[in-house]
Amino acid sequence: SYSLGTDGGGPLIRKYEGTLDRFTGDGMLVFFNDPLPCEDAPDRAARLAIEMRDAVASLVPRWQRRDHRLGLGIDMAQGYATLGRIGFEDRFDYTAIGAVINLAARLCAEASDGEVLVSGRLAAAIEGISEVEDLGERQLRGMARPASVARLHGVRAPPVPEA
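This report concerns the structure included in the present document.

1. Here we look at the overall build of the protein chain
Part 1: Along the protein chain, the regular secondary structure elements total four helices and eight strands.
Part 2: Along the protein chain, from the amino end to the carboxyl end, the secondary structure elements read α-β-β-α-β-β-β-α-β-α-β-β.
Part 3: Relative to the globule expectation of 15 Å for 163 residues, the C-alpha radius of gyration of the protein chain, 16 Å, shows essentially globular dimensions.
Part 4: Each principal axis of the C-alpha atoms in the protein chain carries an extent, and together these give about 45 × 45 × 35 Å.
Part 5: Taken across its 163 residues, the protein chain has 36% of its residues classed as buried.
Part 6: Restricting the contact set of the protein chain to residue pairs at least 6 apart, pairs at least 24 apart contribute 56%.
Part 7: With an accessible surface of roughly 10300 Å², the protein chain has 51% of that area assigned to carbon and sulfur atoms.
Part 8: Charge-centre separation for the protein chain: the mean point of 19 positive side chains lies 4 Å from the mean point of 24 negative side chains.

2. Considerations on the nonpolar core
Part 1: Among the nonpolar cores identified, the biggest contains 22 residues, and Leu 48, Met 76, Val 116, Val 118 and Leu 152 are the most heavily contacted of them.
Part 2: Among the elements of the structure, α1 (10-15), α2 (41-65), β3 (74-76), β6 (116-119), α4 (120-125) and β8 (147-155) are those that each provide at least two residues to this core.
Part 3: If you tally residues by element for this core, the top one is α2, at seven residues.
Part 4: Counting residues in hydrophobic clusters, the runner-up holds seven residues, among them Leu 103, Leu 107, Ala 111 and Leu 117.

3. A few points about the sheet that holds strand β7 (residues 130-138)
Part 1: Within the open sheet, the four strands sit side by side as β3-β6-β8-β7. Their pairing is mixed. At either end of the open sheet lies a strand with only one pairing partner, and these are β3 and β7. Here the strands of the sheet are splayed against their neighbours by 25° on average, with no regard to which way each runs.
Part 2: Relative to β8, β6 runs antiparallel, the two sharing three bridges.

4. Points about unusual backbone geometry
Part 1: Here the amide bond leading from Asp 34 into Pro 35 is cis, since omega sits at 10°, within 30 degrees of zero.
Part 2: Mapped onto the fold, Pro 35 is located in the loop between β2 (27-31) and α2.
Part 3: Phi is positive for Asn 33, close to 80°, though the residue is something other than glycine.
Part 4: Relative accessible area serves as the criterion here: at 39%, Asn 33 is assigned to the partly exposed category.
Part 5: Positive phi is not limited to glycine here, since Asp 67 has a value of about 65°.

5. Let's talk about the side chain of Glu 115
Part 1: Note that Glu 115 resides in the loop between α3 (99-110) and β6.
Part 2: Look at Glu 115 and you get buried, because its relative accessible area is 10%.
Part 3: Look past the residues within four positions of Glu 115 in its chain and what remains in contact with it is Leu 72, Gly 73, Ile 74, Glu 110 and Arg 151.

6. As for the pattern of salt bridges
Part 1: Counted under the stated rule, the structure contains nine salt bridges.
Part 2: A salt bridge links Glu 17 to Arg 44; the nearest nitrogen and oxygen atoms lie 2.3 Å apart. With Glu 17 in the loop between α1 and β1 (19-24) and Arg 44 in helix α2, this residue pair connects regions lying 27 residues apart in the sequence.
Part 3: Since its relative accessible area comes to 53%, Glu 17 is described here as exposed.
Part 4: We classify Arg 44 as buried; its relative accessible area is 18%.
Part 5: Residue Glu 133 pairs with Arg 151 through a salt bridge whose shortest N-O separation is 2.8 Å. Taken as a pair, Glu 133 in strand β7 and Arg 151 in strand β8 lie far apart in primary sequence, 18 residues in all.
Part 6: One salt-bridge network, held together by shared partners, links Glu 17, Asp 40 and Arg 44.

What counts and how
Residues numbered from 1 in each chain as written. Predicted model: local features only at pLDDT ≥ 70, side-chain atom pairs only at ≥ 80, totals over all residues. Heavy atoms only, no water. Helix = DSSP H or I, 4+ residues; strand = E, 2+ residues; numbered from the N terminus. Rg over C-alpha atoms; globule rule 2.2 N^0.38 Å. Buried < 20%, exposed > 50% of the residue type's maximum accessible area, 1.4 Å probe, protein only. Contact = heavy atoms within 4.5 Å. Areas by Shrake-Rupley, 256 points an atom, 1.4 Å probe, with all protein chains shown as cover. Lys, Arg positive; Asp, Glu negative; His and termini not counted. Charge placed at Lys NZ, Arg CZ, Asp CG, Glu CD. Core = buried A, V, L, I, M, F, W, Y, C linked by side-chain atoms within 4.5 Å. Pairing = 2+ DSSP bridges. Axes fitted to C-alpha atoms, helices over the stretch in contact; angles between N-to-C directions. Salt bridge = Lys/Arg side-chain N within 4 Å of Asp/Glu carboxyl O.

Distances and angles like these do not, on their own, reveal function.
Dropping the structure here:
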């Protein structure tokens, strides 16, 4: 079994070549396709999300025996963001900002323990590798328009390369 450990899932993030942007309270922001581009960013994000969900699920019984509650809700959105060195004099961060980041944050508030919610755009991008359930549109806090939301149940194994 895999332990997320104190690094917040760093080995899994590295495995899928994501960029850990920041920790925010009890959450984290990981993005793909920057600083190094990758053609299969949606697939990588989906595989990372499912593997992280399953890793936490494997830890739940042990923590429950110790009378602790452990859960993880995951959200993902696909879209355009401003990426780079953002800030002001004496305080810069390499980060991502934009409507897609806000959408991801709002979806995160909706995700229950063990649930992986994805934006409609991302659901369409991963339909060839995943099992997705369309949840319709939801009015998310702070968003002007309802957002198309789906639940990601799982991903298919990647193809085995030919020798």
